[in-house]
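Here's the letter readout for the chains.
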Amino acid sequence: MLEPEELGRNRDDLAKTLRELRKAKGCTGQRLASLCAMSQSKISKIETGKAVPTAVDVERILRALDAPQSVIEEVTELAKLANTEFQDVRSLWRKGLEKKQHELVGLEKTSKVFRFFLPVMITGLLATPEYIRASLAHVPGDASKAIAKKLERQAILYNASKSFTFILTEAAVRWALCSPPEMAMQIDRLASLSLMANIRIGVIPLGTQSHMGPLNTFTVYDSSLATAENFNGALMMRDPRDVEFHLNLFALYEELAVFGDEARGHLSTWATAYRQGSLCEYGNNPGLSAQPTRSLGAWRENTLRS
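Calculation rules
Residues numbered from 1 in each chain as written. Predicted model: local features only at pLDDT ≥ 70, side-chain atom pairs only at ≥ 80, totals over all residues. Heavy atoms only, no water. Salt bridge = Lys/Arg side-chain N within 4 Å of Asp/Glu carboxyl O. Helix = DSSP H or I, 4+ residues; strand = E, 2+ residues; numbered from the N terminus. Buried < 20%, exposed > 50% of the residue type's maximum accessible area, 1.4 Å probe, protein only. Core = buried A, V, L, I, M, F, W, Y, C linked by side-chain atoms within 4.5 Å. Contact = heavy atoms within 4.5 Å.

**Some remarks on the pattern of salt bridges**
Evaluated as defined, the whole model comprises 11 salt bridges. Taking the shortest distance from any N to any O, the salt bridge between arginine 174 and glutamate 170 comes out at 3.1 Å. Placement of the pair is arginine 174 and glutamate 170 together in helix 10 (residues 170-174), with a separation of four residues, close to one helical turn. Residue classification places glutamate 170 among the buried positions, given a relative accessible area of 2%. Within this structure, Lys42, Asp57 and Arg60 form a network of salt bridges that share partners.

Have a look at this one:
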């Protein structure tokens, strides 16, 4: 089991271990680079901790050094830890939520293809100012800078060189974080953004049968980083196998979602229901009823991701 306090803190240990294994074998960096088909500069960056190797990189290096299988397994696990970082929500509070927003800006600038799976809330990139304020209403301290930064980040949606796919469950769209009129405006915004050429917004209506339950929110940036959130924090995963797992998981949910006019039809129905106060009178879920707006606890997820 990966302990949260260990994640992301083993990079120096990994670099030192690989360096010592090479030297113990009497192999130069240049020779090792040739044996495992890597550049010498990459080997140097890995051994000095300037670059974090993937588990696949580590296995290639160790097999080139004829390391025992037990050593390969142990050091590969170390690589897994080095490629996974845990950001706990309490640390974010101490640093200030705007710091997380600056980090997200950096990810968004360097990424081209974005995939968001949103089972319980709407991400900040798609949110109205009212929804963002409500999502941070229970965060300790002054959240005004974080709110402003969230709204500023939305400009990335209008960069035609970037591609976005958002998949939301009906529960995420309809979660009453704001007043009914504000929720109607929020849902209208989703429908409006779905008309943009570089944005795909899919919804999974309640009643859609699936063997895969929506356990948590996750985001994939290009094919290089996957993030997964829970109430206590967020995992940042750079190991290619973890990223591939989430890409495959996203594809499964993508098959369940409806897009385009069909999605906008659902969104229009849900927005109208909020305006008319008739949330229990539509669709295939007549047993569902409108509830008073409750944002307690919901801010945790939006704090980390959106």
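**Here we look at the nonpolar core**
Core analysis: the biggest nonpolar cluster contains 46 residues, and Tyr131, Phe164, Phe166, Leu168, Val173 and Leu267 have the highest contact counts within it. Top contributing element to this core by residue count: helix 11 (residues 180-193), with six residues. Setting aside residues up to four positions removed in sequence, phenylalanine 166 forms contacts with Phe116, Leu118, Thr123, Leu125, Leu126, Leu157, Ile199, Arg200, Ile201, Gly202 and Phe259. By size, the runner-up hydrophobic cluster in this structure holds 20 residues, among which are Cys36, Ile61, Leu62 and Ala82.

**Focus on unusual backbone geometry**
With a phi close to 55°, alanine 37 is a non-glycine residue in the positive phi region. Note that alanine 37 resides in the loop between helix 2 (29-35) and helix 3 (40-47). Positive phi, normally seen in glycine, also occurs at aspartate 66, with a value near 55°. With respect to the helices, strands and loops of the structure, aspartate 66 is situated in the loop between helix 4 (55-64) and helix 5 (69-82).

Such coordinate-based values are descriptive only and should not be taken to indicate function.
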